[in-house]
Amino acid sequence: MNMSVDRTRDFGEYVPAPDDDIIICRCEEVTKGEIRRAVRDGMFNVHEVRRFLRCGMGLCQGQTCARLVRTLIARELGVPPGVLDEATGRAPARPTEMYVFANEKMEGI
Amino acid sequence: MTRYDLIVVGAGPAGLSAAAEAAAAGMRTAVFDENLKPGGQLFKQIHKFFGSKEHKAKIRGMNIGAELLGEAERLGVEVFLSSPVMGLYKDREVLVRQGDGVCRYKGDAVIVATGASENMLTFPGWTLPGVMGAGAAQTMMNVNRVRPGDRVLMLGSGNVGLVVGFQLLQAGCSLAAVVDAAPRVGGYGVHAAKLARTGVPFYLSHTIVRAEGTDRVTGVVIGEVDGKWNVISGTEKRFEADTICIAVGLSSSTQLLKMAGCEMRDDGAGRLPVCADDGETSIPRVYAAGDVSGIEEASSAMLEGRISGAAAAGALGFITGDALLSRKAELEAALESLREGMFAPKNRGKLPDKTDVGLPVSASLLSRGYLGDAEVFEYPGVKRASGLHPVMECTQNIPCDPCRDACPKGCIKVRGGIVSLPELDEAAGCVGCGLCVAACSGQSIFLVNENAGDGGAEVTIPYEFLPLPEKGERGVALSRSGAALCPAEITDVKLLPAYDKTALVTLRVPTALAMKARFWKREASV
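So, here's what we can say about the structure. (Residues numbered from 1 in each chain as written. Chains lettered and ligands numbered in written order. Predicted model: local features only at pLDDT ≥ 70, side-chain atom pairs only at ≥ 80, totals over all residues. Heavy atoms only, no water.)

Observations concerning the overall build of chain B
Thought 1: Regarding its fold elements, chain B presents 11 helices and 28 strands.
Thought 2: Relative to the compact-globule value of 24 Å for 526 residues, chain B shows a C-alpha radius of gyration of 24 Å, a close match.
Thought 3: C-alpha atoms of chain B, sized along the principal axes, occupy 75 × 60 × 40 Å.
Thought 4: With 526 residues in all, chain B has 57% of them scored as buried.
Thought 5: Counted over contacts in chain B with a minimum sequence separation of 6, partners at least 24 positions apart contribute 62%.
Thought 6: Of the roughly 20100 Å² that chain B leaves accessible, carbon and sulfur atoms contribute 52%.
Thought 7: Positive and negative side-chain charges of chain B, numbering 55 and 59 respectively, have mean locations separated by a distance of 2 Å. (Helix = DSSP H or I, 4+ residues; strand = E, 2+ residues; numbered from the N terminus. Rg over C-alpha atoms; globule rule 2.2 N^0.38 Å. Buried < 20%, exposed > 50% of the residue type's maximum accessible area, 1.4 Å probe, protein only. Contact = heavy atoms within 4.5 Å. Areas by Shrake-Rupley, 256 points an atom, 1.4 Å probe, with all protein chains shown as cover. Lys, Arg positive; Asp, Glu negative; His and termini not counted. Charge placed at Lys NZ, Arg CZ, Asp CG, Glu CD.)

Written as structure tokens, this is what we have:
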């Protein structure tokens, strides 16, 4: 299912758009323009864009923007969003302080 | 590490139902939920649910939630609140945050019922305070008792947008408009009609161009979209608003399933788990139930939960043989009946233009949110009759039939299945008890007496706004579109326990307007 995008295809240069300053990821304050430019710079999937710009890696963990980012990347590449894998699900599924995460209780309360 | 026969993640409608079903079969069951209170979205649903008796139709969602929670507690289900599940690992090991640490649990079966989160839409100004998901507004109103704003614009005409829109009116907000980029109302016509008759305008094929304001929303500009969803220049319209609610669908919260390694499929909008009919994922004894396995609504989520609960009980030998088969068959039949009609998941994206009996679906209802005054007579529930009788403005095939059982005289027939339209049996003799009016979850049944004496008529409407009008109070009768028709005096206000908080308000109008007047407003607010 992990369909990949042909990296040899020429997607053209980044062309600024009037709404490029709209924030897409609020937690990390990543704009539409930054994501569009990242795709043109060769970040062709959700994982790469996340690592490059940190969108979806803030406090809400992509709860709001995951779908927006995926749709935006797909539109930029001219592919249906379904082609792009979603971000990998990892623990902790909810934002957690390190001191809590490290405090493993051997018995359930 | 504590072990349970079944661990359920999420104490919403699907999770609690799954836990109750499994516990009834004798399973030692734990439910983990990240919230302070159980029930998921159920306790926010202050409206009456659709469906049939077996689906708890005409009962308000919050009361269904209380009943379900009571059932789970009676059966010995352990519900852990403020306990977010952080991980789901191999061999059904579950990592839960509890207090200032994390605890590991193991389930012989695990049911993931984590629900969904709201989709967002971006436009200039979407990050301003005052822009929020419709579900968030609903939480503010119905859980935290905070009014989200004074004047709201609702984007999205699906059932969430329409139901929350109505609840905003109930909370005392005004609704500037319901806007949808699609060319037709997405939710139930009866929900749209409830809003339209209060005077809320619908703008289909429109979207938000921008929100105005510097530190909060002060206005919103919408515009008409062309076939490619681009705004047609020159069609912009501006509304005063301090709040914009976004109701553009939900996305399943599948993080735990993905983490566990369940096989996923793409439904066009996002990844969903590949599930068997009983909700079992590609990992044995890990099930997905409710919105996490695909967006539907609470009634079907509760049945999916029960089916997964029964399946888990069957897989571990708590129910066997015929008992298991008959329970599963019973639950599956109930779920199937909810998935019938023009709004069924299988019909999503299609344009229903005819009802099951070949009547055309009202184009006015789909494009403006209300039925035309003439076309309403085309439907079997709407008849002119002498004396007092119910008028059922039910025109779409929705799985719902509590009106039939509500009438003690048998005036209302629903021939065929649960999605068939109700018909009036004049011979049965309406006594004006009003039980059908209060039972209709869509508030689309009215009692009409065209000859109430002195050349006037009486129209009884369902009314769910406070303060209630008083007998003798004068106001204005409104049409289906919310237009002022004539001065109208309230001649009766009834609120019986059997009505479950839907008041029946009777207004007196000229006979010529008896089949047009469908709402009432105080003079001061017109």
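A word on the nonpolar core
Thought 1: If you look at the biggest cluster of nonpolar residues, it comprises 56 residues, and the most contacted ones within it are B:Leu168, B:Leu195, B:Phe202, B:Ile461, B:Leu507 and B:Val509.
Thought 2: If sequence neighbours within four positions are ignored, B:Phe202 has contacts with B:Leu162, B:Val178, B:Val185, B:Ala192, B:Leu195, B:Ala196, B:Ser367, B:Arg368 and B:Gly369.
Thought 3: The next biggest cluster of nonpolar side chains, apart from the first, holds 45 residues, and it includes A:Ala38, A:Val46, A:Ala87 and B:Ile222. (Core = buried A, V, L, I, M, F, W, Y, C linked by side-chain atoms within 4.5 Å.)

Here's the deal with the environment of A:Glu48
Residue and element names in this part refer to chain A.
Thought 1: Tracing the sequence through the fold places Glu48 in helix 2 (residues 46–53).
Thought 2: Considering only alpha carbons, one finds Glu48 and Ala87, 39 residues apart in sequence, at a separation of 9.8 Å.
Thought 3: Look past the residues within four positions of Glu48 in its chain and what remains in contact with it is Arg7, Gly42 and Met43.

Here we look at the sheet that holds strand 9 (residues 151–155) of chain B
Residues and elements named next belong to chain B.
Thought 1: Taking strand neighbours across the sheet as the criterion, the 5 strands line up as 8-15-9-10-11 in an open arrangement whose pairing is parallel. The sheet is open, and its two borders are formed by strand 8 (131–133) and strand 11 (202–204), each paired with just one other strand. Strand-to-strand, the axes of this sheet are offset by a mean angle of 20°, without reference to chain direction. (Pairing = 2+ DSSP bridges. Axes fitted to C-alpha atoms, helices over the stretch in contact; angles between N-to-C directions.)

Some thoughts on empty space enclosed by the protein
Residue and element names in this part refer to chain B.
Thought 1: On inspection of all chains with the given rule, the structure shows 5 cavities of 30 Å³ or more.
Thought 2: Together, 18 residues line the largest cavity, and Cys394, Cys400, Cys403, Cys440 and Ser444 are the ones closest to its centre.
Thought 3: For the lining of the largest cavity, the class distribution of residues is 12 nonpolar, 5 polar and 1 charged.
Thought 4: Each pocket or cavity is described by its volume, and for the second largest cavity that value is around 80 Å³.
Thought 5: What lines the second largest cavity is a set of 13 residues, and nearest its centre among them are Cys407, Cys411, Cys430, Cys433 and Cys436.
Thought 6: Of the residues that constitute the lining of the second largest cavity, the class distribution is 10 nonpolar, 2 polar and 1 charged. (1 Å grid on protein atoms, 1.4 Å probe; cavity = no way out; pocket = protein on both sides within 12 Å on 5 of 7 lines; lining within 4 Å. Points joined across faces, edges and corners; volume = space filled by probe spheres on them. Nonpolar A, V, L, I, M, F, W, Y, C, P; charged D, E, K, R; others polar.)

Some words on the interface of chain A and chain B
Thought 1: On the chain B side, the residues contacting the 35 residues of chain A number 40 residues.
Thought 2: Both faces considered, chain A and chain B share a buried interface measuring about 3200 Å² in area, 50% of it formed by carbon and sulfur atoms.
Thought 3: For the interface between chain A and chain B, the tally reads 7 salt bridges.
Thought 4: With a closest N to O distance of 2.7 Å, A:Glu86 and B:Lys258 form a salt bridge.
Thought 5: When residues of the side of chain A that touches chain B are traced back to their parent elements, those giving at least two are strand 1 (23–25), helix 3 (66–77), helix 4 (98–101) and strand 3 (104–105) of chain A.
Thought 6: Its residues assigned to classes, the side of chain A that touches chain B comprises 17 nonpolar, 7 polar and 11 charged.
Thought 7: Relative to strand 6 (residues 101–112) of chain B, strand 3 of chain A runs parallel, the two sharing 2 bridges. Looking at the pairing, A:Glu104 lines up with B:Val102 of strand 6 of chain B. (Buried area = accessible area lost by both parts, 1.4 Å probe. Salt bridge = Lys/Arg side-chain N within 4 Å of Asp/Glu carboxyl O.)

Remarks on the packing of helix 1 (residues 32–40) of chain A against helix 3 of chain A
All names here are of chain A.
Thought 1: Running from amino to carboxyl end, helix 1 crosses helix 3 at an angle of 45°, the nearest separation of the two axes being 10 Å. Comparing the axis directions of helix 1 and helix 3 gives the class oblique. The chirality of how helix 1 crosses helix 3 is right-handed. Between helix 1 and helix 3, the residues in contact are Lys32, Ile35, Arg36, Val39 and Arg40 and Val69, Leu72, Ile73, Glu76 and Leu77, respectively.
Thought 2: Residues that form the contact of helix 1 with helix 3 fall into these classes: 6 nonpolar, no polar and 4 charged. (Parallel < 35°, antiparallel > 145°, perpendicular 65-115°, else oblique. Left-handed = near helix turned anticlockwise from the far one by under 90°.)

A look at the packing of aromatic side chains
Residues and elements named next belong to chain B.
Thought 1: For the coordinates displayed, the defined rule picks out 12 aromatic pairs over all chains.
Thought 2: Summarising the aromatic geometry, the rings of Phe80 and Tyr105 are spaced 6.2 Å apart at their centres and angled 45° between planes, so their arrangement reads as tilted. Linking Phe80 in strand 3 (residues 78–80) with Tyr105 in strand 6, this pair joins segments that are 25 residues apart in sequence.
Thought 3: By relative accessible area, Tyr105 is classed as buried at 1%.
Thought 4: Relative to Phe519, the ring of Tyr463 lies with its centre 5.7 Å away and its plane at 20°, an arrangement referred to as stacked. You can see Tyr463 sitting in strand 24 (residues 456–463) and its partner Phe519 sitting in strand 28 (residues 519–522), a full 56 residues away along the chain.
Thought 5: Note on Tyr463: relative accessible area 6%, which makes it buried.
Thought 6: On the accessibility criterion, Phe519 (6% relative accessible area) is buried.
Thought 7: Through successive ring pairs, a cluster of aromatic residues spans Tyr4, Phe32, Phe80 and Tyr105.
Thought 8: Lying across the ring of Tyr4, Arg28 places its NZ or CZ 4.3 Å from the centre. (Phe/Tyr/Trp six-rings, centres within 6.5 Å; stacked < 30°, edge-to-face > 60°. Lys NZ or Arg CZ within 6 Å of the ring centre and 35° of its normal.)

So yeah, pure geometry; function would need other evidence.
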